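Observations on the three-dimensional arrangement
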Amino acid sequence: MMVASPLPAPCICFQVHQPYRLTSYDFFQIGQRSYYEDDELNQRMFSKVAEKCYLPAAQLFRRLIENSEGRFRIALSFTGVVLEQMADYRPDVLDSFCDLVATGGVEVLGETYYHSLASLYSPPEFQRQIGLHRAKVREVFGVEPKVFRNTELIYSNRIATEVESLGFRGVLAEGVPWIHPLSQVNSLAKAPGTKSVKTLLRNSFLSDDLAFRFSDKTWKGYPLTARDYCERLAGMHGQLLNIFMDFEAIGEHQGRDSGSFRFWEEFVSMYLERGGEFVTPSMAVTRFEVKSDYDCSHPTSWIDSERERSAWVGNAMQKEATLKIHGIEQAVMETGDPRLIHSWSKLQCSDHFHYMSSKVGSDGLVPRYSSPFETSYDAYIYFMNALADLQIRVDRINLARSFVV
Amino acid sequence: MKRTRVLMLGWEFPPAINGGLGVACHGLAKALASQVDLQVLVPQIDRDLPREGFELRGANEVTLQDLAATEKHYRYESFAEVESIPVSLDPYTSEESLLEKVVRGTKEWVEFSQTTSEHIGLFGNGDLYGDDLGMKVIQFSKIAAKLALQSDFDLIHAHDWMTWLAGVEVKRVTGKPLVVHLHASQYDRAGPDARGWIYDLEKLGMQEADRVIPVSHYTGRVVESHYGIERAKLRPIHNGAEPVSGGRIRRRFPEKVVLFLGRLTAQKGPEFFLEIAGKVIEREPAVRFVMAGTGDKLRQLIETGAFKGLGGRFHFTGFLTKEKVNELLSMTDVYCMPSVSEPFGLSALEAAQFGIPAVLSRQSGVAEVLQGALKADYWDTNLMAEHIVRLLTDRELRAKVVEQAAADIEAATWDAAARKVMKVYHELLS
């Protein structure tokens with residue numbers, strides 16, 4: 001009897017994130033009100049996603065892991081701000097994720113605490129936020145992240161090197177087809193100049209079938225059945241199939257009516273029945289060898305068709321807002337005021353800049369759908385007003401300090 | 001002495017106000033009411049509006065019965081043969097009109113003279129402008145003429161081009177003298193190349209009028225040079241301002257505030273304000289610029305501001321209510337009006353009432369009233385910036401400008417304007 005070659009191992013990583021959306025912070029509030037978030041809206045949004053996605057999906061994965069005899073696993077990447085919101089708004093969601101992690105079938109990944117673009121602007125700030133996130137994950141889940149996953153998969157050779165210096169063994173990246181041959185996406189890669197850190201490249205085709213196209217009736221693959229998807233996976237070249245997406249894709253972006261829960265249940269069971277095994281990123285970097293160099297000199301991401309930074313810094317408003325928020329880092333840090341530093345850090349959340357995107361077509365849909373503001377102009381105006389107020393607070397504290405010193 | 005009886009034709013009237021026109025008509029009407037028997041006809045009014053010493057009638061309230069007595073005695077043939085009215089006429093748009101010049105009609109009589117309930121219905125929907133503005137202007141003129149034939153008065157006083165066709169029609173059927181009052185012209189809105197239906201109507205109105213009252217000498221020069229109206233007919237009269245008690249509120253941040261207030265259209269020169277802001281902030285970083293208002297240039301201005309890196313110091317408020325405008329004025333340190341062409345500029349007087357020194361475009365009427373205000377050509381952003389910096393840093397100069405402005409606004413009342421208008425009436429009636 002012939003021994004079948006092992007099936008490729010899917011490595012499924014979910015991003016779990018909700019931003020702190022800002023209020024319509026108009027000019028008249030500057031200097032009057034030092035709080036910029038819309039608590040009511042954030043709570044409502046969080047609860048909506050909790051009911052549609054977090055609770056049922058966490059329960060589903062817990063069951064799948066427990067029934068898999070240790071062969072089904074996933075990785076979760078929580079931002080610091082989503083963990084804060086869980087604790088504040090819905091402790092039941094936090095409990096549910098803790099139970100999921102406690103199954104032992106979940107790896108928790110490293111992140112920036114604030115889901116920020118710090119990796120593009122400031123190595124010290126990037127490091128600070130990774131440190132904060134590490135501490136938060138330790139506190140909440142009692143585990144130590146070993147593999148890093150940057151905001152929206154922002155990645156470059158330089159970022160890989162920085163991540164390596166912080167002790168991570170692996171880093172997630174977008175397998176950008178025009179940078180890396182598709183044939184090599186399904187195996188580990190390595191950034192030039194790094195020694196030990198391994199790069200896991202997202203297979204955008206397999207991932208986006210589930211994350212974006214799943215309920216698209218105009219897609220030629222619609223409807224996607226668990227059987228077809230299993231077939232596709234089983235037939236792939238390579239050992240490692242990196243399927244990375246937003247956790248919210250299940251139940252939220254792809255609503256319950258689309259059959260996404262049933263799909264996941266069937267797909268996982270079917271793949272296991274065929275003898276497949278799922279791996280986590282840490283297992284992957286231990287088990288598999290680096291097959292190629294992945295030379296990515298400019299930052300890439302998983303966002304938009306360009307797969308780079310233009311979702312956050314594509315237009316003049318975004319460029320100014322990102323430069324200004326990062327430009328005051330030193331002054332903010334000098335205040336030594338933890339509340340103020342936290343306020344500033346939350347304003348770094350990449351979602352704020354995404355809402356300012358003026359892209360049209362399919363890439364313009366996501367920011368408009370998810371933004372609390374009607375237009376990118378409103379998103380810019382209210383952000384800049386909030387930043388002006390923050391700057392006033394910073395100046396006030398630093399001025400007072402200069403008299404004391 | 002018998003009181004003069006005046007038929008006034010207005011377009012915007014409180015509470016239906018889009019710009020300064022409604023405010024000015026209302027202010028003048030109230031002040032004139034004590035000296036003349038005044039009946040005001042506007043396209044639409046609110047039934048519950050309080051009466052203020054003059055008779056106020058809305059075309060929306062007119063019935064076909066009201067017009068029946070004179071319906072057969074009136075023929076509309078004055079201005080032009082119009083078969084269809086081009087769409088999108090808007091007095092506030094800054095884009096140049098692409099309409100063909102309309103030629104004077106040749107047909108003798110058309111059934112066009114008849115007023116139907118549909119025509120009256122044009123004035124009931126709350127929108128004074130819109131796509132059917134041309135039709136509104138014509139129907140308003142027919143209704144005005146038919147009502148005028150049933151009424152007794154000594155002269156006609158019509159505000160801006162929307163009512164001038166009506167003024168010309170009423171003059172034609174009654175033979176009474178016509179005074180046209182110019183608050184804003186197509187030259188201001190669309191620049192020196194503006195031609196088209198509105199321009200033609202403005203020119204016709206001023207040609208047919210016995211006197212033209214521009215709201216400033218600046219606008220008088222436009223009327224003379226751009227519309228070719230003879231100087232002898234012009235009687236520039238400045239607007240007044242309702243007294244407001246403007247206070248100051250506690251500073252909310254250390255930076256001083258420079259304010260632009262107005263529609264964000266080419267006429268108001270908002271892009272010059274952005275440029276000025278950049279130049280001031282270079283020299284005096286502790287300043288915030290506020291652009292209050294909205295308009296077709298808003299998005300472009302936001303992007304330009306971001307491109308120049310002014311965000312965080314340059315704030316857009318969007319449209320503001322009167323209360324919010326007052327709150328803003330009470331925290332403003334310098335008022336800046338860089339209008340490309342501003343017939344008057346009432347908002348600068350309102351700012352002066354809050355004790356705010358102003359930097360004004362020389363191409364504005366209000367610059368003639370606020371004699372102490374610092375002035376520059378609208379395009380001279382260096383000088384504008386220089387003026388602002390001086391007002392922010394030189395306390396003595398600032399005090400002088402504010403003091404002079406206080407004296408100027410004391411004299412700038414609607415009663416003073418009404419006295420001058422009375423003189424014009426007397427010229428025509430004596």
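What counts and what doesn't
Residues numbered from 1 in each chain as written. Chains lettered and ligands numbered in written order. Predicted model: local features only at pLDDT ≥ 70, side-chain atom pairs only at ≥ 80, totals over all residues. Heavy atoms only, no water. Contact = heavy atoms within 4.5 Å. Buried area = accessible area lost by both parts, 1.4 Å probe. Salt bridge = Lys/Arg side-chain N within 4 Å of Asp/Glu carboxyl O. Polar contact = N/O pair within 3.5 Å; in protein donor to acceptor, adjacent residues only side chain to side chain. Helix = DSSP H or I, 4+ residues; strand = E, 2+ residues; numbered from the N terminus. Nonpolar A, V, L, I, M, F, W, Y, C, P; charged D, E, K, R; others polar. Buried < 20%, exposed > 50% of the residue type's maximum accessible area, 1.4 Å probe, protein only. Arc of directions from axis to C-beta. Pairing = 2+ DSSP bridges. Right-handed = clockwise from strand over helix to strand, strands pointing away. Domains from an automatic or database assignment. Phe/Tyr/Trp six-rings, centres within 6.5 Å; stacked < 30°, edge-to-face > 60°. Lys NZ or Arg CZ within 6 Å of the ring centre and 35° of its normal.

**What about the interface of chain A and chain B?**
Bring the parts together and some accessible area is lost; that lost area is often taken as the interface size. Between chain A and chain B, the residue contacts involve 18 residues of the former and 25 residues of the latter. For the pair chain A and chain B, the summed buried area comes to about 1900 Å², and 66% of that belongs to carbon and sulfur atoms. It is A:F27, A:F28 and A:Y377 that lose the most area in chain A upon contact with chain B, and together they represent 40% of the buried surface on that side. There are zero salt bridges connecting chain A and chain B. The tally of links from chain A across to chain B stands at eight residue pairs in polar contact (both at pLDDT 80 or more). Of all the secondary structure elements, the ones that give two or more residues to the side of chain A that touches chain B are α12 (316-327) and α17 (376-404) of chain A. With eight residues, α17(A) is the largest single contributor of residues to the side of chain A that touches chain B. Here the side of chain A that touches chain B is built from residues that sort into 11 nonpolar, four polar and three charged.

**A word on helix α10 (residues 298-307) of chain B**
Those residues of α10(B) that sit buried are B:L298, B:L301, B:I302, B:G305 and B:A306. Axial view of α10(B): buried residues confined to an arc of 135°, hence all on one face. Next to the buried residues of α10(B) lie α12 and α17 of chain A together with α9 (270-283), β8 (287-292) and β9 (314-318) of chain B.

**As for unusual backbone geometry**
Both trends apply: most residues other than glycine have a negative phi, and most peptide bonds are in trans. Residue and element names in this part refer to chain A. Going from Y222 to P223, the amide bond is cis rather than trans, its omega being -10°. Its location among the elements puts P223 in the loop between α7 (204-211) and α8 (226-234). Unlike most non-glycine residues, E69 shows phi in positive territory, near 50°. Relative to the assigned elements, E69 resides in the loop between α1 (39-66) and β2 (74-78). Given a relative accessible area of 70%, E69 falls into the exposed group. Non-glycine residue D304 carries a positive phi angle of around 65°. Position of D304 among the secondary structure elements: in the loop between β11 (290-293) and α11 (310-313).

**Quick word on the pairing of β8(B)**
Residue and element names in this part refer to chain B. With six of six residues buried, β8 is to be regarded as a mostly interior element. Alternating residues of β8 divide into V287, F289 and M291 and R288, V290 and A292, and every residue in both groups is buried. With six bridges connecting them, strand β7 (residues 256-261) and β8 associate as parallel partners. Looking at the pairing, L261 lines up with A292 of β8. Once you follow β7 into α9 and on to β8, the crossover reads as right-handed. Pairing of β8 with β9 involves four bridges; the strand directions are parallel. Pairing of M291 across the sheet is with F316, part of β9. One crossover worth recording links β8 to the parallel β9 by way of α10, and it is right-handed.

**Some points on the domain arrangement of chain A**
All names here are of chain A. Partitioning chain A into structural domains gives domain 1 (9-293) and domain 2 (311-404). The gap between the C-alpha centroids of domain 1 and domain 2 is 25 Å. If you look at the interface, domain 1 gives 37 residues, while domain 2 gives 34 residues. Of the roughly 2800 Å² buried where domain 1 meets domain 2, counting both sides, 62% is carbon and sulfur surface. Looking only at domain 1, the three residues that lose the most surface to domain 2 are L22, Y36 and Y121, adding up to 23% of its buried area. Applying the counting rule to domain 1 against domain 2 returns one salt bridge. Of the charged contacts, one joins K346 and E37 as a salt bridge, the two residues approaching to 3.2 Å between their closest N and O atoms. Counting every contact that joins domain 1 to domain 2 gives 17 residue pairs in polar contact (both at pLDDT 80 or more). Breaking the side of domain 1 that touches domain 2 down by element, the ones donating at least two residues are α2 (80-89), α4 (118-121) and α5 (123-141).

**Section: the side chain of B:Q363**
All names here are of chain B. Assignment of secondary structure puts Q363 in the loop between β11 (358-361) and α13 (366-369). Note on Q363: relative accessible area 16%, which makes it buried. At 3.1 Å, the side chain of Q363 forms a polar contact with the backbone nitrogen of Y378. Apart from the residues lying within four places of it in its own chain, the contact partners of Q363 are Y218, S339, V340, S341, E342, A376, D377 and Y378.

**Quick look at the packing of aromatic side chains**
All names here are of chain A. Under the defined criterion, the tally for this structure stands at 42 aromatic pairs over all chains. Measuring from ring centre to ring centre gives 4.8 Å for F72 and F278, while their planes differ by 85°; the resulting arrangement is edge-to-face. Here F278 lies in the loop between α9 (260-273) and α10 (281-287) and F72 lies in the loop between α1 and β2, a separation of 206 residues in the sequence. With respect to class, F72 is no different from F278; both count as buried. Stacked on the ring of Y20, the Lys or Arg K346 has its end atom at 4.6 Å from the ring centre.

**What about the pattern of salt bridges?**
By the definition in use, this model includes 50 salt bridges over all chains. Ionic pairing is found between A:R274 and A:E231, a salt bridge with its closest N-O pair at 2.8 Å. Of this pair, A:R274 sits in the loop between α9 and α10 while A:E231 sits in helix α8, and the two are 43 residues apart along the sequence. Judged by its relative accessible area of 40%, A:R274 is partly exposed. For B:R313, the salt bridge goes to B:E255, with nearest N and O atoms at 3.6 Å.

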